Protein chains: 2
Amino acid sequence: INTWDYNKITINRWVVAFIVGVLTGSIAAFIDFCVEKGSELKYESIKKSVEDCVNDDCMYYPILIWIGYNTVCVLIAAVLVAFVEPCAAGSGIPQIKCYLNGVKVPRVVRIKTLVAKVVGVIGAVVGGLAVGKEGPMIHSGAVVAAGVSQGRSTSIGIDFKIFDYFRTDQEKRDFVSGGAAAGVAAAFGAPVGGMLFSLEEGASFWNQGLTWRIFFSAIISTFTLNVWRSYIKGTPWQLSSPGLINFGRFDEMSYQIWEIGIFALMGCIGGLFGALFIVINQKLTLYRGRYMYGRVVQVCEVVGVAIITAVAGYISIYVNNDCKPVTENLDELQVQFFCKDGHDSATTNLFFDTPESSVRRLFHEQPGSFEAVTLACYTILYFFLALWTYGLSVPSGLFIPSLLIGAGWGRLIGIGFQAFPSMQADPGKYALIGAAAQLGGIVRMTVSLTVIIMEATGNISLGFCIMITLICAKWMGDFVGSRLGCEHGIYDMHIHLASVPLVDWEPHVLTATLPARKVMSHPVTVFRTKEVVWRIVDKLKKEIHNGFPVVDDYDPDNPQPTGPDHETFGKFRGLILRHQLIVLLKRKVWLQNPDYERLEQTLTLADFRDNYPRYPPIHHIAISPIEGEYTVNLEPFMNKAPYTVSESASFPRIFRLFRGLGLRHLVVINGDSEVLGMVTRKDLARYRVKSKDGKLKMKELLMSHGMVKS
Amino acid sequence: INTWDYNKITINRWVVAFIVGVLTGSIAAFIDFCVEKGSELKYESIKKSVEDCVNDDCMYYPILIWIGYNTVCVLIAAVLVAFVEPCAAGSGIPQIKCYLNGVKVPRVVRIKTLVAKVVGVIGAVVGGLAVGKEGPMIHSGAVVAAGVSQGRSTSIGIDFKIFDYFRTDQEKRDFVSGGAAAGVAAAFGAPVGGMLFSLEEGASFWNQGLTWRIFFSAIISTFTLNVWRSYIKGTPWQLSSPGLINFGRFDEMSYQIWEIGIFALMGCIGGLFGALFIVINQKLTLYRGRYMYGRVVQVCEVVGVAIITAVAGYISIYVNNDCKPVTENLDELQVQFFCKDGHDSATTNLFFDTPESSVRRLFHEQPGSFEAVTLACYTILYFFLALWTYGLSVPSGLFIPSLLIGAGWGRLIGIGFQAFPSMQADPGKYALIGAAAQLGGIVRMTVSLTVIIMEATGNISLGFCIMITLICAKWMGDFVGSRLGCEHGIYDMHIHLASVPLVDWEPHVLTATLPARKVMSHPVTVFRTKEVVWRIVDKLKKEIHNGFPVVDDYDPDNPQPTGPDHETFGKFRGLILRHQLIVLLKRKVWLQNPDYERLEQTLTLADFRDNYPRYPPIHHIAISPIEGEYTVNLEPFMNKAPYTVSESASFPRIFRLFRGLGLRHLVVINGDSEVLGMVTRKDLARYRVKSKDGKLKMKELLMSHGMVKS
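Since the structure is predicted, the reported quantities are computational estimates derived from the model, not experimental observations. (Residues numbered from 1 in each chain as written. Chains lettered and ligands numbered in written order. Predicted model: local features only at pLDDT ≥ 70, side-chain atom pairs only at ≥ 80, totals over all residues. Heavy atoms only, no water.)

## Focus on a negative patch on the surface
Residues and elements named next belong to chain A. On the surface, E36, E40, E44, E51, D52, D56 and D57 cluster together to form a negatively charged patch. For E40, the location among the structural elements is in helix α1 (residues 3-56). Looking at E40, the relative accessible area reads 44%, which means it is partly exposed. (Patch = residues over 30% accessible without salt bridge, like charges linked within 9 Å, V, L, I, M, F, W, Y side chains within 5 Å. Areas by Shrake-Rupley, 256 points an atom, 1.4 Å probe, with all protein chains shown as cover. Salt bridge = Lys/Arg side-chain N within 4 Å of Asp/Glu carboxyl O. Lys, Arg positive; Asp, Glu negative; His and termini not counted. Charge placed at Lys NZ, Arg CZ, Asp CG, Glu CD. Helix = DSSP H or I, 4+ residues; strand = E, 2+ residues; numbered from the N terminus. Buried < 20%, exposed > 50% of the residue type's maximum accessible area, 1.4 Å probe, protein only.)

If you want it as C-alpha cells, here you go:
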C-alpha cells in the first residue's frame, strides 16, 4: 500500500461526511419548506372560511375544510407507509438505535424508505397529527449516509463505482453514525448533541478520527440547513436558524438557588407522566399488533385519528372561548372563530399552528397570554392524542409532542407561581423545564438529550438546571416504570416489543458469576476444514446463523460427548461467515474444479464485497447432485484468529467483548481448543435482571427469531 | 447481593461525582481569587511607583519592583516543583492523558502533587510568566477525583473507610476521568467540552452511566466556580462567570461565505506556527534533559526567565511608545509610563495585565485600539517567551499563551483587512479565529477543543468556522510537523520523549498483516499452577512485568523448543498479577502452612484491595530460606479465563482488544493452548509508521523501561 492510496481513502471518508451533511441539511430544509407552505395554505383557507362564515352562520363549513385537508394529507402518508414501505413508520429512532448497536434491521436504510419517510412526514405534520418532523430527520440522515457511503443504490440500480472500499458492515455503520448525527443536528440545530446521540446509541468505542468526522457531518448539516432557511426567508447568510425546531433565545433567564428544588420536582413529574405514557403506549402497541395488522385497517386508523384531531381542536376552540383583542402582532395567525368582533381566539395560538410554533409560544409569550383552563385542557388533550398517534402507520416524531405536553404543564406550574408575586416567576422558564422533564421522562436519553436541549436554548448556564431536571426525570421514570411493568424509555420499549437482541450498556452485577458455558448456545453447527458441498448447503438452509466455527477432528455423523455436561465439536481452527460460504459455492470454488488453483488465487476481497450487503440467499445457488459430493477447502478463506473465550469466562467479560468490539459471534472453547458453543447477541440479551422483594433476580428470556438476524 | 447494596454503590458513585465537582470548582475559584488579588497588588504597586517616578526621573525603580515581585513569586513555584514534587511541573495534561490511556504514572494523582500544583500555578501566573492557569486545573481535578473516590489519602495518613469498593484501577480511572472533565469545565466554563476531553483522551469505550456521571461532575464544577465567582464579585447567584477564562460574548458576530476561505487559511498558518513551536520546544526539552537536570539549575532557569519576561515587557513599553489619551474606562489599569501627561501607554494593556485579560482585550477591543507594530512585537516576543517557559520546572498551562499568540497575529490580519473598508472586517473576529488556529496547531486536539472553544464563545453558529479552522490547523500541523521531525501535538511530543507506551487511536493499515507472534514479547516468564516460593520471589525481583501466565507441563530448568521459531511455555491455565502474588507471599499462603485451609477460604477481595494502590515491593517481603522451598497453589487465586489471542491474530485485532477493553496484558497461545508469549502496551507502542518517498514504512522502536510500568 502506498501513501497515496492510503490518503485517498482518508480523504474520501471526509468527502462522504461532507456530502452526507449537505444532503441531510438539504432534506431538512425541504421538509421544513413543504410543511411551512402546506400549513400556511391549510390555515389560511380555514381562516378565510371562518371569516366568511362568522357572519353567514355557516361555522360547520370551516371544520369540514379542516377535516378534508387533514384527511387528504394524512392519507398520502398512511398509504405510503402501509403499502410502500412499512419500515418508514414512526420516528425510526428505534431502528437506528438497533442498527448502530450492531443489529441488522432489514430495509431500514434503503432509498425507498427515505422517500416514504420524507413525503410521509410532510403529510403527517401538515395533516395536523400530533407529530413532529424531528425524529424522522434522524432516520433520513442515516439513510442518506448509508446510500452515499456505498456509492450506489441497489434499489434504483445505480452504481457509481466509487467508495467501493467502504462496502463492509463496519465502514457502513460508521457512516450511518455520522448520518444520524447530521439528522439530529439538522433537527435541533445541535451539532454537538447530534454527535453525542450517535456515540450514546452506537459507536462501540471512542475513535478519535471517526468522532471528528461524525461531528463534521453534523456541523455541515446544521450549516446547510441554516443557509437554506436564511435563503428562503430572504435574508441569505444571516444564518440565524440553525435547526428545524428553535427554542428561541433564553438569554435573559436567571434563577434562584431554591428554584433548583422546584426543577428537580418538575423532573419527577415529567418522569411520572413519561412512565404513564410509555406504559399506555405499550398496551396500545400490543393491542395493535394483535388486532390491527391489516394494511387497510391501519390506513383507516390513521385517517380516523386525523379527523378526531381536527374535531377535538375545533371543539376546544369552541368550548374555551378565550378571546382577546386584536393586536398588531403580525407573527401570529389571528382568527376570530367564535369571538365577538374585534377579538381573536387565544386558543388558536395553540391548536391552529404547527406544533413547533406552539412550543415556541409556550416558551416565550408574555405572562398572561394563556388562561390556565385553556392550557390544562390543551395539555391533557394533546397527551392522549400523542399517545394514540405514536405507533400509527405514519412517519412521526415524538420529540415535539413531548415538548408540547411538558411545556403545557410546565407553564401551568409557572402560572400557579405567579400567585406569589415575590417569586417573579417567569412562566416561560417553567415551560422550558417542564418540556425538558417530559421529554426526558419519555425518551430517557441522558447526555445527548441534555446537550441537545442546551444547544437548542443556546444558554450554557441553564445547562445545570436542565441536567438536574433530566436526572430526576430519568430516575423517577425508571422507578415508576419498573413498578408499572416497563422500565425502559419509549424507544427501548418498542425495541423490546420487537424482540430485538439489543445489548445493554453494562453487564449487571448479578451476571458476574455466570460462566460462558451457561451463556452460550449449544449444540453448534460446525464445518470441517475440508467440507462436503451438500453438507454446507444443507446447514445453510436449516440455520439462520451467520458465523460458523471451522474445526478438525469432527465427525458430524457421530458427535462425541466428552464431558458430563458438554459435547465438543472438534478442534477449533477458524471462523467462516455465511456470505463467504455463499460466494464460495456460487463461484464453484471446490477442490474438484479443474480451475481450482486459479480460483483460489484470484478470489479477492473485492469479490466477497461485490454483492454487499445483499448476498443471494442459499436457495438461489444452484448446486447439481454431482457437485454436492465435491469438497470445499475452507482453510484459505476462513478467519484464522477470531476472538474466542474459554468456557469459564464470566458474562461481564464476554459482554465487554461484544460491546467494546462490536462482535456478532464469539466461539467458546475449552482448555484443549475444542469448540463447545457459540455466543451471539441473542444470548447476551437473554438475561434480564428483575428486582423482587428487595432481592435482585436474574431472568432468562425466551426470544423468538424475530425480525432480526443476529 | 441485595438491591440495597447495589443501589448504595450506584448512589455513592454519584455522591463522589458531586463532591469531585464541588471541590474542583472551589479549587478553581481559589486559584482565580489568589491570582487576581496577587496581580492586582503587583500592578498597583508598579503603577504607583511609575506615577511617583515619572516626574522624579527614577524610571529604573518600577522595573526593579517588577523584577523583584516576579522573582519572589516564581521562586516559590520553582522550589515547590523542583524540591517537593517534580510531578507538578508543566500543565499535567500529558500525565493525565497517560493515566486515562491506562498507563500508570507514579505519584501523579497524590495530594502532595495537588498542593504543589495549586500553589505553584498561583506563583507562576502572578510571577508574570507566559503561562495560563487552565491546564493545571485539569490535573488538579484529576487528583481531587483520585483522592475522593478512594475515601482516603495515604500521603497524609487518613482513611475514612468509605468507598472502599472503589479501590481498583478501573473504578479509580473512571473517577479520574470525571475529575479531569471537571477541571476542564472549570477552566473554560465548558462542561460538554470537559466531558468530551475525558472521553477523547481516556475512556476506552462509551459507557452511558459513566459518561453521564462525568458530565455531572463537569457541570457541578462549572456551577460551583460560577457561584464562588459571583459571590466574590458581590453579585451572588448572578452566575455569569462560568469559567476561569471567559472569551466574552460573541453574539453579534456574523460572517460572509468567502470568509470561510480566509479562516481555513488562518488555520493553516496556525498549524505552521504550531509545528514550529513544537519542534523548537522538543529541541529545548532534549537540551534541558541532557544538561540541566540539577534542581538548583532548574530553579535558576525559572528565575532567569521570570526576570527576562519582566525586562522584555518593560523594554517593549519603552520602545513602543504607543500612547493614547486617558479615557474614562475604569476596567483598565491605565499607566502613564513614558507617555506625556494626560496620556496612557496602550502597550500596558497587553503586557501589564493577567494573560486572560489580554486575550479578552484582543478579542473585544474596538478596531484601532492596538497599533500594528505593537501587536507584531508583542506576538513575536510572546511566542518565544511561551516556547521557553513550557517545560520549565513550574506548573504552567499552555492554553492561554497559545490563545494569546494566535489572537495577536489574528488581530494583525484583521487590521490588515481593515485597509479594505468594503470588507467590514472586525479585528476581534480574526483574533478569535487566530487564537483557535494557534491553539489547534499546538495541542492538535479535535472534537473536544472545538466544543471547548464553542462553549467559551457561547455562539453555536461560529462553531462551523472554528471547526474548519481547527481541521486545517491540525492537518497543516501534522503535515509540516512530520516534515520537521515531530508529527505530534505538544502533549504527545512530551509523552513520546518520556518513552511512555501510549496506545494510539487506531491501528495503522500497514500493521494489518502483522501477526501476534511478531508483536509479542518472547520469551516470557511463567509460573506453574503449583509454584515454589523462591522461584516466585526470584522472578518478581528480576522482572518488571505485572502479569504472569500460569501454566501446566512446564519445566523451568529445561524449556522445550517445539517449533522452528518458538519455544512454548506449557499449557495455559490462567493469569496471575504481581500484586496478587505479593499478597499471597505476605500472608504466607503456602500449602505447607498449617493454617492453609482457613487462609485460602478467608482471603477475600478486600484483602487484595486493602493495600491498593501501594502494594509493598517484593524486597520488603521477608521470606526465610525454609519458606523458600514451600509451594504456593496459584490455582484458586488466578484469573482462569483472561483474554487470549491465537498466534496468528493480526495486530489490529490485538490493538482493538487493548484499546476497547483497556487491557494491560494479553497472553498469546497456539492451537494447543500453549503459551507462546505476552503482549503488553509497550509492544503495541513499538510499531510506528513513517512515510518515506511516497511509501509508508513501518518502524520498530526500541523503548527503554522508562518512568512507567506497563
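Alright, that's what it looks like, and here's the rest.
## Quick word on the pairing of strand β7 (residues 547-552) of chain A
All names here are of chain A. Most of β7 is tucked away, with five of its six residues classed as buried. As judged from the two bridges shared by strand β5 (residues 527-528) and β7, these two strands associate in the parallel manner. Each bridged residue has a counterpart across the sheet, and for R528 the counterpart in β7 is V551. Here β7 runs beside strand β8 (residues 571-577); their pairing, made up of six bridges, is antiparallel. Residue pairing across strands places V550 opposite G574, the latter belonging to β8. (Pairing = 2+ DSSP bridges.)

## Examining helix α8 (residues 208-233) of chain B
Residues spaced three or four apart along an α-helix point in a common direction, a consequence of the helix completing one turn every 3.6 residues. Its 26 residues give α8 of chain B an end-to-end C-alpha distance of 37 Å, which sits within 8% of 38 Å, the value for a rise of 1.5 Å per residue. Burial analysis of α8 of chain B places 20 of its 26 residues in the buried class, which makes it a mostly covered element. (Expected span 1.5 Å × (residues − 1).)

## Quick notes on the sheet that holds β5 of chain A
Here three strands make up an open sheet; going across it, the order is β5-β7-β8 (chain A) and the pairing mixed. On the outer flanks of this sheet lie β5 and β8 of chain A, each paired with one strand and no other.

## With respect to the interface of chain A and chain B
Of the residues lining the interface, 77 residues belong to chain A; the matching set on chain B comes to 75 residues. For the pair chain A and chain B, the summed buried area comes to about 7,100 Å², and 70% of that belongs to carbon and sulfur atoms. Inspection of the chain A/chain B interface yields two salt bridges. Residue D672 of chain A pairs with K571 of chain B through a salt bridge whose shortest N-O separation is 3.2 Å. Across the contact surface, chain A and chain B share eight residue pairs in polar contact (both at pLDDT 80 or more). Breaking the side of chain A that touches chain B down by element, the ones donating at least two residues are α1, α7 (191-201), α8 (208-233), α16 (447-457), α17 (463-484), β8, α25 (651-661) and β14 (695-700) of chain A. The residue inventory of the side of chain A that touches chain B, partitioned by class, reads 42 nonpolar, 21 polar and 14 charged. (Contact = heavy atoms within 4.5 Å. Buried area = accessible area lost by both parts, 1.4 Å probe. Polar contact = N/O pair within 3.5 Å; in protein donor to acceptor, adjacent residues only side chain to side chain. Nonpolar A, V, L, I, M, F, W, Y, C, P; charged D, E, K, R; others polar.)

## Side note on the environment of Y382 of chain B
Residues and elements named next belong to chain B. Along the chain, Y382 falls in helix α13 (residues 372-389). Sequence spacing of Y382 and S402 is 20 residues, and the spatial spacing of their C-alpha atoms is 9.2 Å. When neighbours within four sequence positions are excluded, Y382 is seen to be in contact with A130, V131, P355, P401, L404 and I405.

## Concerning unusual backbone geometry
Residues and elements named next belong to chain A. In this structure, K588 takes a positive phi of about 55 degrees despite not being glycine. The phi torsion at S673 lies on the positive side, around 60 degrees, for a residue other than glycine. Take S673: it is sitting in the loop between β11 (665-669) and β12 (675-680).

## Description of the confidence of the model for chain A
When the pLDDT values of chain A are averaged, the result is 83; 90% of them are 70 or greater. Between residues 703-710 of chain A, whose pLDDT stays under 50, and residues either more than four places distant or in other chains, the model counts 23 contacts. (pLDDT = per-residue confidence, 0-100.)

## What to know about the pattern of salt bridges
Residues and elements named next belong to chain A. Following the criterion strictly, the structure yields 38 salt bridges over all chains and no others. Here K133 and E356 are joined by a salt bridge, their closest N and O atoms 2.9 Å apart. Here K133, found in the loop between α4 (111-126) and α5 (134-150), pairs with E356, found in helix α12 (residues 355-364); they are 223 residues apart in sequence, far enough to count as distant. E356 matches K133 in its accessibility class, with the two residues each being buried. In this structure, a network of salt bridges that share partners links the residues D32, K133, R229 and E356.

## Considering the nonpolar core
Counting residues in hydrophobic clusters, the biggest one holds 328 residues, and the most contacted among them are V192, F215 and I490 of chain A together with V192, F215 and I490 of chain B. Here the element with the most residues in this core is α1 of chain A; it accounts for 14 residues. Residues within four places of I490 of chain A in sequence aside, it is in contact with F277, I278, N281, Y390, L398, I442 and V443 of chain A. Ranked by size, the runner-up nonpolar core spans 42 residues in total, among them L666 of chain A together with Y643, A649 and L666 of chain B. (Core = buried A, V, L, I, M, F, W, Y, C linked by side-chain atoms within 4.5 Å.)

## Re the packing of aromatic side chains
Two measures describe an aromatic ring pair: the distance that separates the ring centres and the angle between the ring planes. What the rule picks out here adds up to 36 aromatic pairs over all chains. Seen in terms of ring centroids, F223 of chain A and F464 of chain B are 3.8 Å apart; in terms of plane orientation they differ by 10 degrees. Their pairing is stacked. Residue F223 of chain A is located in helix α8, and its partner F464 of chain B is located in helix α17 (residues 463-484); the two belong to separate chains. We classify F223 of chain A as buried; its relative accessible area is 13%. The class of F464 of chain B is buried, set by a relative accessible area of 8%. Residues Y287 of chain B and Y291 of chain B carry aromatic rings whose centres are separated by 4.9 Å and whose planes lie at 50 degrees to one another, so their mutual orientation is tilted. One end of the pair, Y287 of chain B, and the other, Y291 of chain B, are both in helix α9 (residues 259-291), four residues apart, so they sit about a helical turn from each other. According to the relative accessible area criterion, Y291 of chain B is exposed, its value standing at 53%. (Phe/Tyr/Trp six-rings, centres within 6.5 Å; stacked < 30°, edge-to-face > 60°.)

## Topic: the side chain of D683 of chain B
Residues and elements named next belong to chain B. With respect to the helices and strands, the residue D683 is situated in helix α26 (residues 681-685). Within polar-contact distance, the side chain of D683 engages the side chain of S521 at 2.8 Å. A polar side-chain atom of D683 sits 2.8 Å from the main-chain amide nitrogen of T680. D683 has contacts with V519, M520, S521 and M678, leaving out every residue within four places of it along the chain.

## Examining the relation of the copies chain A and chain B
The two copies are related by a screw motion: chain A maps onto chain B through a turn of 180 degrees and a shift of 0.0 Å along the axis, at an RMSD of 0.1 Å. Those values place the two copies in the arrangement expected of a two-fold rotation axis. Interface overlap between copies is the fraction of interface residues in one copy that are interface residues in the other; for chain A against chain B it reaches 97%, indicating a shared surface. (Least-squares fit on C-alpha atoms with pLDDT ≥ 70 in both.)

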